[in-house]
Amino acid sequence: MRTIDGDKLLRRLEQLGSTGRNPQGQLTRLAATAEDRAARDLLVSWAKCAGFDVHIDQIGNMFFSWMVAEKGRRAKPIMIGSHIDTVVDAGILDGCYGVLAGLSVLEAIRESGVDISKPIVVAAFTNEEGVRFTPDLMGSLVYVGGLDVQEALNKVDIHGRRLGDELRAIGYLNDKDLPFGYPCKYVELHIEQGPVLHSAGKSIGVVEGITGISWWRAIVEGSANHAGTTPMKLRKDAGYAAMRIATDLIDFARRAGSKAVATVGSMHFERGAINVIPARVIFTVDLRCSDEAGLKELEFALVDIADRVSTEFSVSVQKEPLARTHPSVMDEAIAEEIEIAARRRGLPSLRLVSGAAHDAQMLSRVAPAAMIFVPSVGGISHSPAEYTQSNELVNGANILLDVVESLARQNV
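Residues numbered from 1 in each chain as written. Predicted model: local features only at pLDDT ≥ 70, side-chain atom pairs only at ≥ 80, totals over all residues. Heavy atoms only, no water.

Novice: Could you clarify how one ought to interpret the pairing of strand β7 (residues 212–221) in this entry?
Specialist: Successive side chains on a regular strand alternate, one facing one side of the sheet and the next facing the other. Taking burial as the measure, the 10 residues of β7 include seven buried ones, the bulk of the element. One ladder, built from 10 bridges, connects β7 with strand β11 (residues 280–289); its direction is antiparallel. In the sheet register, Val-220 faces β11, and the bridge partner there is Val-281. In the sheet, β7 pairs with strand β12 (residues 316–325) via nine bridges, with the strands oriented antiparallel. Across the sheet, residue Ile-213 finds its bridge partner in β12, namely Thr-325. (Buried < 20%, exposed > 50% of the residue type's maximum accessible area, 1.4 Å probe, protein only. Helix = DSSP H or I, 4+ residues; strand = E, 2+ residues; numbered from the N terminus. Pairing = 2+ DSSP bridges.)

Novice: What am I meant to see in the sheet that holds β12 here?
Specialist: Consider a sheet: its strands pair through backbone hydrogen bonds, and that pairing is either parallel or antiparallel. If you trace the four strands from one edge of the open sheet to the other, you get β9-β11-β7-β12, paired in antiparallel fashion. Looking at the sheet topology across the chains shown, the edges are occupied by β9 (260–270) and β12. Taking the axes of each pair of neighbouring strands and ignoring which way they run, one obtains an average angle of 15° across the sheet. Sitting on the sheet, helix α9 (residues 238–256) touches β7, β9, β11 and β12, and the angle it makes with β9 is about 170°. Helix α10 (residues 292–312) contacts β7, β9, β11 and β12 of the sheet and is inclined by roughly 165° relative to β12. (Axes fitted to C-alpha atoms, helices over the stretch in contact; angles between N-to-C directions. Contact = heavy atoms within 4.5 Å.)

Novice: I tried to follow the packing of helix α1 (residues 6–17) against helix α2 (residues 34–49) on my own but got confused; where do I start?
Specialist: What describes two packed helices is the angle between their axes and the distance between those same axes. Here α1 crosses α2 at 155°, and the two axes come no closer than 10 Å. In terms of orientation, α1 lies roughly antiparallel with respect to α2. Judged by residue contacts, Arg-12, Gln-15 and Leu-16 of α1 engage Ala-39, Leu-42 and Trp-46 from α2. Partitioned by chemical class, the residues of the contact of α1 with α2 number four nonpolar, one polar and one charged. (Parallel < 35°, antiparallel > 145°, perpendicular 65-115°, else oblique. Nonpolar A, V, L, I, M, F, W, Y, C, P; charged D, E, K, R; others polar.)

Novice: Just checking my understanding: could you explain α1 for this structure?
Specialist: For an α-helix, 3.6 residues make a turn, and residues three or four places apart therefore share a direction. An ideal rise of 1.5 Å per residue puts 16 Å on 12 residues; α1 measures up with 16 Å between its terminal C-alpha atoms. Where α1 is concerned, the buried positions are Gly-6, Leu-9, Arg-12, Leu-13, Leu-16 and Gly-17. When α1 is viewed along its axis, its buried side chains cluster within an angular range of 130° and face the same direction. Exposed residues pointing more than 90 degrees away from the buried face of α1 are listed as Asp-7, Arg-11 and Glu-14. Next to the buried residues of α1 lie α2, α4 (96–112) and α13 (390–409). The residue sitting at the N-terminus of α1 and contributing the capping side-chain oxygen is Asp-5; that oxygen lies 3.4 Å from the backbone nitrogen of Asp-7. (Expected span 1.5 Å × (residues − 1). Arc of directions from axis to C-beta. Polar contact = N/O pair within 3.5 Å; in protein donor to acceptor, adjacent residues only side chain to side chain.)

Novice: Would you explain the side chain of Ser-203 in this entry?
Specialist: Structurally, the position occupied by Ser-203 is in the loop between α8 (196–200) and β6 (204–210). A distance of 3.5 Å separates polar atoms of two side chains, one belonging to Ser-203 and the other to Glu-392. When near neighbours in sequence (up to four residues on either side) are disregarded, Ser-203 contacts Leu-347, Pro-348, Phe-373, Val-374, Pro-375 and Glu-392.

Novice: How should I be thinking about the nonpolar core in this particular structure?
Specialist: The tendency in soluble globular proteins is for nonpolar side chains to be buried as a group. Counting 103 residues, the largest nonpolar core has Leu-43 and Met-79 as its most contacted members. Here Leu-43 is in contact with Met-62, Phe-64, Ile-84, Val-99, Leu-100, Leu-103 and Ala-124, once residues within four sequence places are set aside. Ranked by size, the runner-up nonpolar core spans 26 residues in total, among them Ala-241, Leu-249, Ala-260 and Leu-302. (Core = buried A, V, L, I, M, F, W, Y, C linked by side-chain atoms within 4.5 Å.)

Novice: Teacher, can you tell me more about the pattern of salt bridges here?
Specialist: Any two side chains of opposite charge can pair, on the condition that their charged atoms come close. On inspection of all chains with the given rule, the structure shows 24 salt bridges. A salt bridge links Glu-405 to Arg-2; the shortest N-O distance between them is 2.5 Å. Separated by 403 residues along the polypeptide, Glu-405 in helix α13 and Arg-2 in the segment before α1 bring together distant segments of the chain. Classification of Glu-405 as buried rests on a relative accessible area of 7%. We classify Arg-2 as partly exposed; its relative accessible area is 32%. Salt-bridge contacts for Glu-292 lead to Arg-324; the nearest nitrogen and oxygen are separated by 2.9 Å. Taken together, the residues Glu-292 in helix α10 and Arg-324 in strand β12 connect sequence positions 32 residues apart. Residue Glu-292 is classed as partly exposed on the basis of its relative accessible area, which comes to 24%. Since its relative accessible area comes to 31%, Arg-324 is described here as partly exposed. (Salt bridge = Lys/Arg side-chain N within 4 Å of Asp/Glu carboxyl O.)

So this is what it looks like as structure tokens:
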């Protein structure tokens, strides 16, 4: 049974994880920054050293291909993908594991000499995290035609810097067409970023679906006044109103069942003084549900609660949708391939739904897509404490190898 070079994969994860750290040692590699360029350059050097072709598209997505020229422009490739941008103060596995495992799979299949019927491409999508530029999943969204490339390139960060200019500055912007079209199949390997596999003692997660996400910004406006001299019944307290919206919404999500979650992740008070009634509050809302009907219920609840609180407390509430992704169902045939591969290698697997967004969500719009998860110890991610045992990382990459090799042999 063929295997990837596990030691090389682990070394690369460590090396990429050391790229983009600040003087305090924090890993922060936001899209289209100097840190992003250093990581991209490292990845490109590994791909070229291995003899693979490198392609950059109009949004800075990177693709590393093998046998594209031999199989011709019309042949649809098998695609493996993820991302290498990070959140602020990140761990080393989120996204990067899937890209580097894909590179390891590409190397293992080529070195084995096995006869395959399709080219294989590894993708590293731009700005998956959406920390510097919104929306998240931007690179894969543009790639599948869900967002106009010029609209995406014109997005600006909090400092007014334009994404297109920043990508050009780091040398990762291209206007040439890719030598291949959409993939015939897409597979993404990722750490779970949740506690299910680790708590259940399972090695492989077979992802059945990916949750839908709806991001909002709310602005509550009341009247500033003295905290001591203004009677409670005469206040237009934007702070209290904002907190009521937040707590009522979260209570609604708690009652809605395990598929629904709601998070108020940031809240800014103006004037922000201990003895002044807040005149204005800006807060963000993250709504998620694994089915479309449930996600719409959460959105309707947010609007209804905000309208009710606005009337009850004599404040105004602006509700602005920021980004939205629909829930996605993963391809059943590829999911079964993952389960077969896990059984053959003696690895216990479990079906589950991803509560985090992934590029596979976008790719499922244009091709059958699937995801493989490996356990996250303690369910921790988006943190320096993010950790998956080395043997589990290698196991996941070997399952990816088995699945991709099987798909690449198929004639359909």
